[in-house]
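Coordinates in review
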Number of protein chains: 2
Amino acid sequence: TGGMWAPGPQRRAGLALAVAALALALALAAWQRRRRRCPVREVLFFPSPPSCTEALLAEAAGPGSAARPCPCPLPRGECSLSRLLRHLLSARRSLEICLFAFSSPQLGRAVRLLHRRGVRVRVVTDAQYMGLQGSQIGLLRQAGIQVRHDQENGYMHHKFAVVDGRVLITGSLNWTTQAIQNNRENVLVVEGAEYVKPFLDEFERIWEEYNPINYRFF
Amino acid sequence: TGGMWAPGPQRRAGLALAVAALALALALAAWQRRRRRCPVREVLFFPSPPSCTEALLAEAAGPGSAARPCPCPLPRGECSLSRLLRHLLSARRSLEICLFAFSSPQLGRAVRLLHRRGVRVRVVTDAQYMGLQGSQIGLLRQAGIQVRHDQENGYMHHKFAVVDGRVLITGSLNWTTQAIQNNRENVLVVEGAEYVKPFLDEFERIWEEYNPINYRFF
């Protein structure tokens, strides 16, 4: 004892300060990790007033396509529909959509645009609604997007989407112009595996169950 | 300098240790606060198999009422419907319900039970669905529960509830036996002001807007 590594008072103080600094750094890191884990959290309410989403969709389609401004008289401000579009258009790798009714031309255009950009898009929908006039499902299939539907008595009544396996979009809103412009609706946009995983698992379960090899033809 | 309060090496070490301990304590407290802030977080998927909720509802009605076991042959295990019922029946002070369609006898019974227990129950619903056969709205009103409805062309299509201003219950599920037993549906149960507040604000907005003094009679 008393050698080179003995804890002299100065060395003890330095050690304690180092421990304090380390503790602070760890606390800060943990806090930031927690903040980073849930950065997207937004609640959207509808009805959303009629608005022009041309610039938003053109910009997302790629450089050059946003050149000419839309001549329509609709307002261009941010609204619940534009927020929903922005969250969808943020997709870079994958988009799972599980939707009872899908007839909104703007949302349909956004989904086809993502497919063209190379995002892996998969859609699950309800067989009864799918065939109605105005449904976007036919256009999605024409564009080469995989769509599967139920063959059940009950409705496939979900209204959720998962962006890049990272962001969950869920609520009461069907993707129809009627619902967007006229109904009282909510959409919750939230990041975090604790929300995304159960919904993604549900999607995969339904996706497999609705595999066309399982369809029965009466 | 060199007086009683001069920072001798030992005192410096003690101070540094105290700082370290304080930092650790603060970090621990922050971590626990964050954990405590979101204790309820559950995702329920439907369809939920037909099940007997008699014992659950009788137990919630008060002591003594659960005496006789239900003779029905339905299974008694935990399921999505029983989980939803448990979250509702946990209400002690207030319950806001904002629901397009409400016809489930079990959920209707749970809501009337809470009203009898002194919970302040308020219901907002859709005018079109409210009058259909099987709706629980008439029974709720007979029991003395305040109900308000829209007078709009669009649907009041929300499907959410707030328990004690603390827990948000939201999703695709209308409270109907058809939806519970036959449809693919989701319900997210989540605690935390960041989720509850926007929905509670939306409820209060709608509640005021649907005040009967604003009804128009054509």
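Our structure is the block above this text.
The paragraphs below set out a description of the structure included in this document.

Rules of the game
- Residues numbered from 1 in each chain as written.
- Chains lettered and ligands numbered in written order.
- Predicted model: local features only at pLDDT ≥ 70, side-chain atom pairs only at ≥ 80, totals over all residues.
- Heavy atoms only, no water.
- Salt bridge = Lys/Arg side-chain N within 4 Å of Asp/Glu carboxyl O.
- Helix = DSSP H or I, 4+ residues; strand = E, 2+ residues; numbered from the N terminus.
- Buried < 20%, exposed > 50% of the residue type's maximum accessible area, 1.4 Å probe, protein only.
- Phe/Tyr/Trp six-rings, centres within 6.5 Å; stacked < 30°, edge-to-face > 60°.
- Lys NZ or Arg CZ within 6 Å of the ring centre and 35° of its normal.
- Pairing = 2+ DSSP bridges.
- Axes fitted to C-alpha atoms, helices over the stretch in contact; angles between N-to-C directions.
- Contact = heavy atoms within 4.5 Å.

1. Considering the pattern of salt bridges
Applying the stated rule across the entire model yields 24 salt bridges over all chains. Across the pair B:Glu191 and B:Arg166 runs a salt bridge whose closest N-O atoms are separated by 2.9 Å. Taken as a pair, B:Glu191 in strand β7 (residues 185-191) and B:Arg166 in the loop between β5 (159-163) and β6 (167-171) lie far apart in primary sequence, 25 residues in all. On the basis of relative accessibility, which here comes to 10%, the residue B:Glu191 falls in the buried class. Where salt bridges share partners, they join A:Glu42, A:Glu78, A:Arg83 and A:Arg86 into one cluster.

2. Some details on the packing of aromatic side chains
Two measures describe an aromatic ring pair: the distance that separates the ring centres and the angle between the ring planes. Scanning the model with the defined rule gives 13 aromatic pairs over all chains in all. Seen in terms of ring centroids, A:Phe100 and A:Tyr155 are 5.2 Å apart; in terms of plane orientation they differ by 75°. Their pairing is edge-to-face. You can see A:Phe100 sitting in the loop between β2 (94-99) and α4 (105-116) and its partner A:Tyr155 sitting in the loop between β4 (146-149) and β5 (159-163), a full 55 residues away along the chain. Chaining the aromatic ring pairs together yields one cluster made of A:Phe45, B:Phe160 and B:Phe199. One Lys or Arg, A:Arg122, reaches over the ring of A:Trp207 and ends 5.3 Å from the middle of that ring.

3. Observations concerning the sheet that holds β5(A)
On the basis of which strands lie adjacent, the open sheet formed by seven strands has the order β1-β7-β6-β5-β2-β3-β4 (chain A) and mixed pairing. Each having just a single partner strand, β1 (41-46) and β4 of chain A make up the two edges of the open sheet. Direction aside, neighbouring strands of the sheet carry axes that sit 10° apart on average. Pairing analysis gives six bridges linking β2(A) to strand β3 (residues 120-125) of chain A, with the strands arranged parallel. The residue bridging A:Glu96 from the neighbouring strand is A:Arg122, located in β3(A). Sheet strands in contact with helix α8 (residues 193-209) of chain B are β1 and β7 (185-191) of chain A, and its direction is about 15° off that of β1(A).

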